[in-house]
Amino acid sequence: MKNNMIVLGCQWGDEGKGKIVDLLAAKSDIIARFQGGANAGHTIVVGDVKYVLHLIPSGIIHPGKSCYIGNGVVLDPWGFLEELDFLKSKGIDYAGRLWISPATNMVMPYHKLIDAVQEKNRGTKSIGTTMRGIGPTYIDKVARNGIRVIDLFNPDRLKKRLEFQKTIKAQYLTGSEDERADLELTFNKLMDLVDIFKPLVADVSLALYNANKEGKTILFEGAQGTLLDVDLGTYPFATSSNTTVGGALTGLGVGPHMINEVVGVIKAYTTRVGAGPFPTELVDDIGEKIRHQGDEYGATTGRPRRCGWLDLVALRHAIRINGVDTIAVTKLDVLDCLDEIKVCTSYIINGITMNEVPLDLSEFAHAKPVYKTLPGWEVSSTGKTAFDELGENARNYLKYVADDLDVKIRIISTGPRREDTIMM
Ligand code: GDP
Ligand code: IMO
Ligand code: MG
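What counts, and at which threshold
- Residues numbered from 1 in each chain as written.
- Chains lettered and ligands numbered in written order.
- Predicted model: local features only at pLDDT ≥ 70, side-chain atom pairs only at ≥ 80, totals over all residues.
- Heavy atoms only, no water.
- 1 Å grid on protein atoms, 1.4 Å probe; cavity = no way out; pocket = protein on both sides within 12 Å on 5 of 7 lines; lining within 4 Å.
- Points joined across faces, edges and corners; volume = space filled by probe spheres on them.
- Helix = DSSP H or I, 4+ residues; strand = E, 2+ residues; numbered from the N terminus.
- Nonpolar A, V, L, I, M, F, W, Y, C, P; charged D, E, K, R; others polar.
- Domains from an automatic or database assignment.
- Pairing = 2+ DSSP bridges.
- Axes fitted to C-alpha atoms, helices over the stretch in contact; angles between N-to-C directions.
- Contact = heavy atoms within 4.5 Å.
- Buried area = accessible area lost by both parts, 1.4 Å probe.
- Near = heavy atom within 4 Å.
- Polar contact = N/O pair within 3.5 Å; in protein donor to acceptor, adjacent residues only side chain to side chain.
- Areas by Shrake-Rupley, 256 points an atom, 1.4 Å probe, with all protein chains shown as cover.

K.L.:
What is the right way to look at the layout of surface pockets in this model?
P.N.:
Empty space within the second largest pocket amounts to approximately 680 Å³. Taken together, 30 residues make up the lining of the second largest pocket; nearest its centre are Thr43, Gly294, Arg305, Lys331 and Pro416. Those elements giving two or more residues to the lining of the second largest pocket turn out to be α1 (17-25), β3 (42-46) and β4 (49-53). Tallying contributions element by element places β3 first for the lining of the second largest pocket, with 4 residues. Partitioned by chemical class, the residues of the lining of the second largest pocket number 7 nonpolar, 12 polar and 11 charged. Counting contributing residues, the lining of the second largest pocket receives three or more from each of domain 1 (5-104 + 199-262) and domain 3 (266-423).

K.L.:
When you look at the sheet that holds strand β9 (residues 218-221) in this model, what are you seeing that I'm missing?
P.N.:
Strand pairing in a sheet is mediated by backbone hydrogen bonds. Such pairs are either parallel or antiparallel. Pairing is mixed across the open sheet formed by 9 strands, whose spatial order is β7-β5-β2-β9-β1-β10-β14-β18-β19. Edge positions in the open sheet fall to β7 (98-100) and β19 (421-423), since each of these has one partner strand only. When strand polarity is set aside, the average angle formed by the axes of neighbouring strands in this sheet is 20°. Contacts from helix α9 (residues 204-213) reach β2 (30-33), β5 (66-69), β7 and β9 within the one sheet, and its direction differs from that of β5 by about 140°.

K.L.:
How should the domain arrangement of the protein chain be read in this particular structure?
P.N.:
Accessible area lost upon the coming together of the parts serves often as the stated size of an interface. Under the domain assignment, the protein chain is made up of domain 1 (5-104 + 199-262), domain 2 (105-195) and domain 3 (266-423). Centre-to-centre separation of domain 1 and domain 3, based on C-alpha positions: 24 Å. Taken together, the contacts link 38 residues of domain 1 with 41 residues of domain 3. Between domain 1 and domain 3, a total of about 3100 Å² is buried, with carbon and sulfur atoms accounting for 60% of that surface.

K.L.:
Any chance you could explain the site of ligand 2 here in plain terms?
P.N.:
Looking at ligand 2, there are 20 residues lining it, with Asp14, Lys17, His42, Thr130 and Thr239 nearest. Here an oxygen atom of ligand 2 and a side-chain polar atom of asparagine 39 are 2.9 Å apart. Interatomic distance of 2.6 Å between a side-chain N/O atom of threonine 239 and an oxygen atom of ligand 2. Contact with the protein chains removes 98% of the 550 Å² of surface that ligand 2 exposes when unbound. Residues that form the shell around ligand 2 fall into these classes: 7 nonpolar, 10 polar and 3 charged.

Structure below.
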């Protein structure tokens, strides 16, 4: 039976979605990205080759699969070209199997400039954005001042829309010597893109609808993670899009019946890049050990990721919001290095025990985790390919998590490579 899956992050991003999408793409015909932009960094390791993709769906690595970028994405057109060059350099032929919605908003150079200025203005309250211009582009989209891919093909309109930015962004653009504030330069650079983008534009919503009707299998690829969702995450320490399941529907123009299974990706511990509350954060030797063992440095910015224990309270929130059916647990091997492993089962906030994420962020910031301690495993899990090959304690850890969350485990990842995988 056909099974269209959506792969979503259940934590603060970098759960290993790229690897999971790559695995599931093998059995899909189409892979579609629905939100976020080049703030994402999705890593896939095939043999000795490591691919880090920011905008292009992770399915592109598989020959013959069609990949779609939906209207919910914010596309940096020059970043996109760099990614195409990267794929070319790796011998990946994407011709005729990569499509972009004409309604996709584009990240303009001035959006990156504004991202930097706004972060500076936030001072000690800065979000720690990826500086990819994501927030300012989504702001323009919602304010109906955005520049969309379709605008490339109507230069007069594009010019007017760019000129209008002078009026509404005078605070950032007037008198600025930064090249990114130069709208004429931006216009000229955009004109160079017209012929490259023309053959890539397609009605993504219609294409997916027809493909689904024809019985093709679609895989939806999420970026970031549930706790970075602009509505349901740790706002304002969040990204600017809906990273959760609803984002796929609006970000591609598809109906809910097109998604048959929600796969939540969960790292066996927790990481976060950028600022914001993180109750189970470990600012000690164990956190350092996990960072080292898990090579926890951002795939997009190279920043060290904050590391901590698995947080079931935060995960329950993610499972509920997304209606997660199955989970993919990644980086189990990283915990091989520890004698005992903690899991946060509830928070204590102002003396009260809470099993759910508090709605008030300032409460979340003060949450004291209550831990259950589980023993580390007797046998290494690195590179294991069958559940029975894992140590009993590792199996118990996974069962404990799946039972608490009331979900089935679909995949266990035991290393970065494709083959370091247990399919359940
Ligand atoms: P994404 O943004 O969710 O796609 O995740 P990232 O690619 O940013 O970060 C995940 C990192 O962990 C990448 O470097 C992956 O190669 C790596 N990775 C994925 N799964 C595993 C695993 O099971 N074990 C180990 N050790 N590394 C993994
Ligand atoms: P993937 O898809 C981890 C974080 C940033 C910052 C906040 C807002 O690889 O999991 P933004 O640039 O979006 O305005 O930054 O969100 N962030 C991510 N953290 N993984 C990501 O993507 C992220 N994309 C954004 O670090 O805290
Ligand atoms: Mg990432």
